[in-house]
Amino acid sequence: MERIDLLLTGIGRLVTPQGSVPRYGEEMRHVLEIEHAAIAIRGDRIALVGPQADVLAQLNGAEIAETLDAGGCLVTPGLVDPHTHLVHGGSREHELSLKRSGVPYLDILAQGGGILSTVKATRAASERELYDKAFKSLDIMLLNGVTTVEAKSGYGLTLDDERKQLRVAKRLHEGHPVDVVPTFMGAHAVPAEYKGRSDEFVDLLVQEMLPEVAREGLAEFCDVFCEHGVFTIQQSRRILQEGKLLGLIPKIHADEIESLGGAELAGEVGAISAEHLLAASDEGMRMLAANGVIPVLLPGTSFNLGLKQHARAREMIDTFRLPVALSTDYNPGSCPTESIQLIMMLASLNLRLLPEEIITSCTINAAAAIGRANDIGSIEAGKRADLTVFDAPNIAYLPYHFGINHTFGVIKNGKVAVWDRRIEGR
Ligand SMILES: O=C(O)CC1=NCN=C1
Ligand SMILES: [Zn+2]
């Protein structure tokens, strides 16, 4: 047996989905649980995983560079956050009273606030300021147990400012332990200078921004805010199809507030994922299922907007056999939180997901929503050594004991990125 760089022993309970594809419907509750487990890591890959006695027996005689005792903690795959607006300037707490007095999200946007308020702040911010602000959020996400994050542009709305955001996302990927996966979302809102001329802005997106973003290789995905008062189905279709021709995989903010048929469009254009889906129709869910589109649900957003309606997750899983994923939707307006553990609790409370489904939604299915299920999202030999160590007895405890951070340790690419000294004392 070749040298092992890190041996993690003393794992009270290891819980992981299995495989390198999304888990559909009832499969979402099938997770592997191993008590008294160990994980052997070579380089940035998992070499061995199993009951500690078996792992040690297989390592017999191998050189082990470092051994860490997990103190009986719970270990899962590193958590994946597949839908964030990470890179942005400013904040929108000044809109809180408006929101709490009942002014709808889309009305604030129509009055030039909301996303457009963040556009002003992002255009005014330097790359350094955007980088430093997002770096702090990545620290919070890492400390929460997240090892890979998707980051959308969409607060620039000019070619230069969209490129600025995407360059910052690239630099964050290089400069922070958490991996950052970039999405172009120039179709996030119609900027003030194009007010009332949305088709002309779509021309700019399609004829100038998309080709340049694709040429520079600044994004893997293209996303659109397909919503009443933002981009129509026709405009969204045009942007996503043009992006796809340029090699940008489609994603879509679909049926977040009104049922426009965004889920149907996601199926039609072959999107990798469709996001929000509070108002998705049965036909929309059928289209998602028929075309292998992953629904990414964002219970933090409906919670923070005080919406009574939630995505019909149970029907998505039980009736349409969809592979549900979860995300924070971290952004300065509709969901200003980096806490994936709060999202776990809200998924349990408002989406009625089971603990096993929640873990699957935050690991392998979230990884699949950003095209990385073959690399991350489960604890198996050959997968990336991204692990999260929780001070919890089991996975049900995470959404049950809410409002705190249960993460005691994070291993990223086989290296310790976070390690709470209280583990030693356990
Ligand atoms: O409000 C924001 O800044 C982010 C958002 N985009 C679409 N829904 C929410
Ligand atoms: Zn979003």
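Residues numbered from 1 in each chain as written. Chains lettered and ligands numbered in written order. Predicted model: local features only at pLDDT ≥ 70, side-chain atom pairs only at ≥ 80, totals over all residues. Heavy atoms only, no water.

A.B. asks: With reference to specific residues and values, describe the pattern of salt bridges.
C.D. replies: In the structure shown here, the tally under the stated rule is 40 salt bridges. Notably, a salt bridge pairs Glu357 with Arg314, separated by 2.8 Å at the nearest N-O pair. Of the two residues, Glu357 is situated in helix 14 (residues 355-362) and Arg314 in helix 12 (residues 313-318); the sequence distance between them amounts to 43 residues. By relative accessible area, which is 23% here, Arg314 ends up partly exposed. (Salt bridge = Lys/Arg side-chain N within 4 Å of Asp/Glu carboxyl O. Helix = DSSP H or I, 4+ residues; strand = E, 2+ residues; numbered from the N terminus. Buried < 20%, exposed > 50% of the residue type's maximum accessible area, 1.4 Å probe, protein only.)

A.B. asks: Tell me what's going on with the coordination of the zinc ion (ligand 2), and back it up with residues and numbers.
C.D. replies: Here the zinc ion (ligand 2) is held by the protein donor atoms His83 (NE2), His85 (NE2), His253 (NE2) and Asp329 (OD), which lie 2.1 to 2.5 Å from it. Classification of the site at the zinc ion (ligand 2) rests on its 4 donor atoms, whose angles at the metal span 80 to 168 degrees, yielding the label irregular. All donor residues of the zinc ion (ligand 2) come from one chain, and their arrangement in sequence is H-x1-H-x167-H-x75-D. According to the relative accessible area criterion, His85 is buried, its value standing at 2%. (Donors = N, O, S within 2.8 Å, 3.2 Å for Na, K, Ca; no water. Tetrahedral: all angles 85-135°; square planar, octahedral: opposite > 155°, others 65-115°.)

A.B. asks: Tell me about the site of ligand 1, residues and numbers included.
C.D. replies: If you check the shell around ligand 1, you find Arg92, Tyr105, Ile115, Tyr155, His188, Phe225, His253, Glu256, Asn331 and Ser334 and nothing else. With respect to ligand 1, the side chain of Tyr105 contributes an N or O atom lying 2.5 Å from an oxygen atom. At a separation of 3.2 Å, a nitrogen atom of ligand 1 approaches a polar side-chain atom of Glu256. Taken together, the residues of the shell around ligand 1 sort by class into 4 nonpolar, 4 polar and 2 charged. (Near = heavy atom within 4 Å. Polar contact = N/O pair within 3.5 Å; in protein donor to acceptor, adjacent residues only side chain to side chain. Nonpolar A, V, L, I, M, F, W, Y, C, P; charged D, E, K, R; others polar.)

A.B. asks: Please give an account of the sheet that holds strand 7 (residues 146-152) that cites residues and values.
C.D. replies: One open sheet accounts for 8 strands, arranged 6-7-8-9-10-11-12-13; its pairing is parallel. With partners counted over all chains shown, the strands left at the sheet margins are strand 6 (79-81) and strand 13 (325-326), one partner each. Relative to strand 9 (residues 221-226), strand 8 (residues 179-187) runs parallel, the two sharing 3 bridges. Opposite Phe184, over in strand 9, you have Cys222 as the bridge partner. (Pairing = 2+ DSSP bridges.)

A.B. asks: Provide a residue-level description of the nonpolar core, including the pertinent values.
C.D. replies: Side chains of a nonpolar character, in soluble globular proteins, are inclined to be buried together. Among the nonpolar cores identified, the biggest contains 96 residues, and Phe231 and Ile239 are the most heavily contacted of them. In terms of residue count, the dominant contributor to this core is helix 7 (residues 198-215) (8 residues). In terms of nonpolar packing, the next biggest core, distinct from the first, is built from 21 residues, Leu8, Ile41, Cys73 and Ile411 among them. (Core = buried A, V, L, I, M, F, W, Y, C linked by side-chain atoms within 4.5 Å.)

A.B. asks: Describe in detail the environment of Asn394, supporting the description with residues and values.
C.D. replies: Within the secondary structure layout, Asn394 lies in the loop between strand 14 (387-390) and helix 16 (397-400). Other than its neighbours up to four places away in sequence, Asn394 contacts Arg13 and Leu74. A polar contact of 3.2 Å, which involves the side chain of Asn394, links it to the backbone nitrogen of Ala396. Among the polar contacts made by the side chain of Asn394, one reaches the main-chain amide nitrogen of Tyr397 at a distance of 2.9 Å. (Contact = heavy atoms within 4.5 Å.)

A.B. asks: Summarise the packing of aromatic side chains; cite the residues concerned and give the values.
C.D. replies: What the rule picks out here adds up to 4 aromatic pairs. Pairing Tyr194 with Phe201 gives two aromatic rings, centres 5.4 Å apart and planes at 55 degrees, and the pair type is tilted. Taking the relative accessible area as the measure of exposure, Phe201 reaches 0% and is therefore buried. The ring of Tyr131 has Arg171 lying over it, and the distance from NZ or CZ to the ring centre is 4.6 Å. Over the face of the ring belonging to Phe221 we find Lys251, whose NZ or CZ atom lies 4.9 Å from the ring centre. (Phe/Tyr/Trp six-rings, centres within 6.5 Å; stacked < 30°, edge-to-face > 60°. Lys NZ or Arg CZ within 6 Å of the ring centre and 35° of its normal.)

A.B. asks: I'd love a proper account of the pairing of strand 7, names of residues and values included.
C.D. replies: A large share of strand 7 lies buried, amounting to 7 of its 7 residues. Both strand 6 and strand 7 contribute to a ladder of 3 bridges, which runs parallel. Counted as the bridge partner of Leu79 is Val146 from strand 7. By the bridge criterion, 5 bridges tie strand 7 to strand 8 in an arrangement that is parallel. Directly across from Glu150, in strand 8, lies its bridge partner Val181.

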